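Observations on chain architecture
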Amino acid sequence: MKHLVTSGCSFSETWPENPIEGQTWADYLAPMLSRKLHNVAMTGAGNHIISSAVIKKVKELLDNNTRAEDIYVVVQWSGIYRFDRIVPKKISLGAQRQVSVENRSTGKKRFIAPESDNEWIMCAAARNESIWPYLFSFMSKEQAFMETVENILRVQWFLKSNSIKYKMFNAWDIFTDGLPKHLGANYTCDLVLNHGNQFSENGDYTNINHTILKENCKWVGYLFDYIDSQNFWTYNNEKIKYGGMTQWVLANVPKQHWYRKKDDQHPPNYAAQQFAQKVLRKIIEKDE
């Protein structure tokens, strides 16, 4: 049996309670490739959680004697300002969103909480609560960029060290540096790094004149150069560079299929199916 392991945020997690528009690119891609799907995507996940989940699932398959050549991995990366922390339980932090939440599609937890003095929490839906305002108050853009690139690299190097083929892409533009919004802003799902709405109803976002973010990260920008561009898909045209799935959808899909609904910028079923077929399937089949 051949396997497809996928990870990401809500752009990748199946939403069974919304069957009309609840499918993602992963749901469409697996049957196109005739592979069993293991989708460990999590709504609200940042890039540390995304990387941890995919490494954990691949290790489980390998430990169960699945051959490396029978595993293919596709990872969708999310916004650089989505954080998680493992913290002592004895510290009273109030209500927190736990990383050990259930997968919407399978009902199973991606990470089973062990008997531990610590708990693993995430900032999604809690950016203005508990420790998160304090963390954001001293978090630099360069630190956020570094954490994302390091998570990309650890997955890249883990998969290569195990001879597993893979592809990666971003849900939206996270690699260019326009005019930054203030940290923690509740702005288009508080995901956007750049000035200008990436999820515009008119599709008029452009970043072609933006600086590549690594150029403004003087301490750690060089890490970006270690990302294997042959296995990392980005969307590029006369207006866009280093674009993600969102930019491709707005340029290649009819406007009525750009978003699930007003104020919900997730790709609907049609856009997800088109992206899986016209982008991911094509680049993956070159590896097969």
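Heads up: the structure comes first, above all this text.
The present account deals with the structure reproduced in this document. (Residues numbered from 1 in each chain as written. Predicted model: local features only at pLDDT ≥ 70, side-chain atom pairs only at ≥ 80, totals over all residues. Heavy atoms only, no water.)

1. Here we look at unusual backbone geometry
For clarity, the cut-off: Helix and strand assignments follow DSSP, with helices taken as H or I runs no shorter than four residues and strands as E runs no shorter than two, numbered in order from the N terminus. Only protein chains enter the accessibility calculation, which uses a 1.4 Å probe; a residue is then buried when its area is under 20% of its type maximum, exposed when over 50%, and partly exposed in between.
Here the phi dihedral of serine 34 falls at roughly 55°; this positive angle occurs in a residue that is not glycine. Positionally, serine 34 belongs in the loop between helix H1 (25-33) and strand S2 (36-39). Residue serine 34 is classed as exposed on the basis of its relative accessible area of 61%.

2. Topic: empty space enclosed by the protein
Which entries qualify depends on this criterion: Cavity: a set of points on a 1 Å grid over the protein atoms alone where a 1.4 Å probe fits but cannot get out. Pocket: an open set with protein on both sides within 12 Å along at least five of seven lines, its lining residues, like those of a cavity, having an atom within 4 Å of a point. Grid points are joined across faces, edges and corners, and a volume is the space filled by probe spheres set on the points. Here the nonpolar group is Ala, Val, Leu, Ile, Met, Phe, Trp, Tyr, Cys and Pro; Asp, Glu, Lys and Arg are the charged ones; every other residue, Gly included, is treated as polar.
According to the stated counting rule, one finds two cavities of 30 Å³ or more in the structure shown. Every residue along the wall of the second largest cavity is listed here: Met245, Thr246, Val249, Leu250, Trp258, Tyr259, Gln265 and Pro267. The residue makeup of the lining of the second largest cavity, split by class, is six nonpolar, two polar and no charged.

3. A few points about the environment of tyrosine 270
Inclusion rule: What makes two residues a contact is simply this: any of their non-hydrogen atoms within 4.5 Å.
In this fold, tyrosine 270 is placed in helix H6 (residues 269-285). Its relative accessible area of 35% is what places tyrosine 270 among the partly exposed residues. In this structure, the C-alpha to C-alpha distance between tyrosine 270 and leucine 62, residues 208 residues apart in sequence, is 33 Å. Excluding its chain neighbours within four sequence positions, the residues that come into contact with tyrosine 270 are Val253, Pro254 and His257.

4. Observations regarding the packing of helix H2 (residues 47-63) against helix H4 (residues 141-161)
Keep this limit in mind: Helix axes use the C-alpha atoms of the stretch in contact, all axes being lines fitted to C-alpha atoms, and the angles between their N-to-C directions lie in the range 0 to 180 degrees. Convention used here: angles under 35 degrees read as roughly parallel, angles over 145 as roughly antiparallel, angles from 65 to 115 as roughly perpendicular, and any remaining angle as oblique. Left-handed describes a crossing whose near helix is turned anticlockwise from the far helix through less than a right angle; right-handed describes the clockwise counterpart.
For the pair H2 and H4, interaxial distance at closest approach is 8 Å and the crossing angle is 10°. Judged by the inter-axis angle, H2 sits roughly parallel to H4. When you trace H2 past H4, the crossing you get is left-handed. Of H4, the residues touching H2 (which contributes Asn47, His48, Ser51, Ser52, Val54, Ile55, Val58 and Lys59) are Thr148, Asn151, Arg154, Val155, Phe158 and Leu159. Class assignment for the residues of the contact of H2 with H4 results in six nonpolar, six polar and two charged.

5. Concerning the nonpolar core
Rules: In this description, a nonpolar core means a group of buried Ala, Val, Leu, Ile, Met, Phe, Trp, Tyr and Cys residues linked to one another through side-chain atoms lying within 4.5 Å.
Core analysis: the largest hydrophobic core is formed by 87 residues, its most contacted members being Trp25, Leu29, Val73, Val74, Phe275 and Leu280. With nine residues, H4 is the single largest residue contributor to this core. When neighbours within four sequence positions are excluded, phenylalanine 275 is seen to be in contact with Trp25, Phe169, Trp233, Met245, Trp248 and Leu280.

6. Some words on helix H5 (residues 245-252)
Each α-helix turn comprises 3.6 residues. Residues three or four places apart therefore point the same way. Counted residue by residue, H5 has six buried out of eight residues, so it is predominantly covered. Every buried residue of H5 is accounted for by Met245, Thr246, Gln247, Trp248, Val249 and Leu250. Buried positions along H5 lie against H1, strand S7 (165-170) and H6.

7. A short note on the side chain of histidine 266
Our working definition: Think of a polar contact as two N or O atoms within 3.5 Å of one another; within protein, one of them needs to be a possible hydrogen donor and the other a possible acceptor, and neighboring residues in sequence only count if both atoms come from side chains.
Position of histidine 266 relative to the elements: it lies in the loop between H5 and H6. Here aspartate 264 takes part through its side chain, which lies 2.5 Å from a polar atom of the side chain of histidine 266. The contact partners of histidine 266, leaving out residues within four places of it in the chain, are Ser10, Phe11, Trp15, Trp258, Tyr259 and Arg260.

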